[in-house]
Amino acid sequence: MTGGLKDGETDEEFLHSPFIRKQGNIYKPNNKDMDNDSLNEKTMEDVHTKEIDLVNRDPKHINDDVVKVDFEDVIAEPAGTYSFDGVWKASFTTFTVTKYWCYRLLTALVGIPLALIWGIFFAILSFLHIWAVVPCVKSYLIEIHCVSRVYSICVHTFCDPLFEAMGKCFSSVRIRLTKEV
């Protein structure tokens, strides 16, 4: 019996040690060393309750070249046509504060409903991809494989002998070009 008592072991030691075969764990045949996976199961992380980073809100940099609009990117005065310094400072402050608070107000009013709409949209998109698109593509590939075999048989049956015969007929034709001066 594999996994029985070894020389020098007592029944007490055997009761507390895991059952190990030479081939590996009986539940995982390819695992040579039983590392008590059943006792130390890894906990699965729930992706819906993971912590979000409130400092870096674009970790994948998907909006790097889209919405970086600062005052200097929109309003600039060329040399020689400057407004009063107070007007320039007030314009900068007005632009920056207005952009900041309008964005916050819009996200508070429209952000959550749009998040709901986009969540539904991507759920439907995932559902259609998993349950409709992939099975259709697999079905198409299976069917096209049958069609390709029939097409291959037709080509080898009808076209190959025709072109082989034409090749034999035209193989004796010789063309000689001479240039007269």
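- An unreviewed UniProt entry lists the chain under the name Caveolin, with Amphiprion clarkii given as the organism.
- Per UniProt, the chain carries the Function (unreviewed entry) text "May act as a scaffolding protein within caveolar membranes. Interacts directly with G-protein alpha subunits and can functionally regulate their activity."

### Re a nonpolar patch on the surface
Alright, step 1. Judged by side-chain polarity, Leu-105, Leu-106, Leu-109, Val-110, Leu-114, Ile-117, Trp-118, Phe-121, Phe-122 and Leu-125 come together as a nonpolar surface patch covering roughly 990 Å² of accessible area.
Alright, step 2. Positionally, Leu-114 belongs in helix 3 (residues 85-170).
Alright, step 3. Leu-114 sits in the partly exposed class, given a relative accessible area of 38%.

### Considering the confidence of the model for the chain
Alright, step 1. Chain-level statistics for the chain give a pLDDT mean of 80 and a share of 73% at 70 or above.
Alright, step 2. Averaged pLDDT values for the elements of the chain fall to 50 in helix 1 (residues 11-16) and rise to 94 in helix 3.
Alright, step 3. Note on residues 16-21: pLDDT is under 50 here. Beyond four places in sequence and across chains, it has 10 contacts.
Alright, step 4. Low pLDDT, under 50, characterises residues 37-41; the predicted model gives this stretch three contacts beyond four residues in sequence or across chains.

### Examining helix 3
Alright, step 1. Between its terminal C-alpha atoms helix 3 stretches only 90 Å, short of the 128 Å expected from 86 residues at 1.5 Å a residue.
Alright, step 2. In the structure, helix 3 departs most strongly from a straight axis at Val-110, where the bend amounts to approximately 45° and where the proline Pro-113 lies between one and four residues downstream.

Cut-offs applied
- Residues numbered from 1 in each chain as written.
- Predicted model: local features only at pLDDT ≥ 70, side-chain atom pairs only at ≥ 80, totals over all residues.
- Heavy atoms only, no water.
- UniProt positions renumbered as here; feature names shortened; annotations may be inferred.
- Patch = residues over 30% accessible without salt bridge, like charges linked within 9 Å, V, L, I, M, F, W, Y side chains within 5 Å.
- Areas by Shrake-Rupley, 256 points an atom, 1.4 Å probe, with all protein chains shown as cover.
- Salt bridge = Lys/Arg side-chain N within 4 Å of Asp/Glu carboxyl O.
- Helix = DSSP H or I, 4+ residues; strand = E, 2+ residues; numbered from the N terminus.
- Buried < 20%, exposed > 50% of the residue type's maximum accessible area, 1.4 Å probe, protein only.
- pLDDT = per-residue confidence, 0-100.
- Contact = heavy atoms within 4.5 Å.
- Expected span 1.5 Å × (residues − 1).
- Bend = angle between axes of the 7 residues up to and from the residue.

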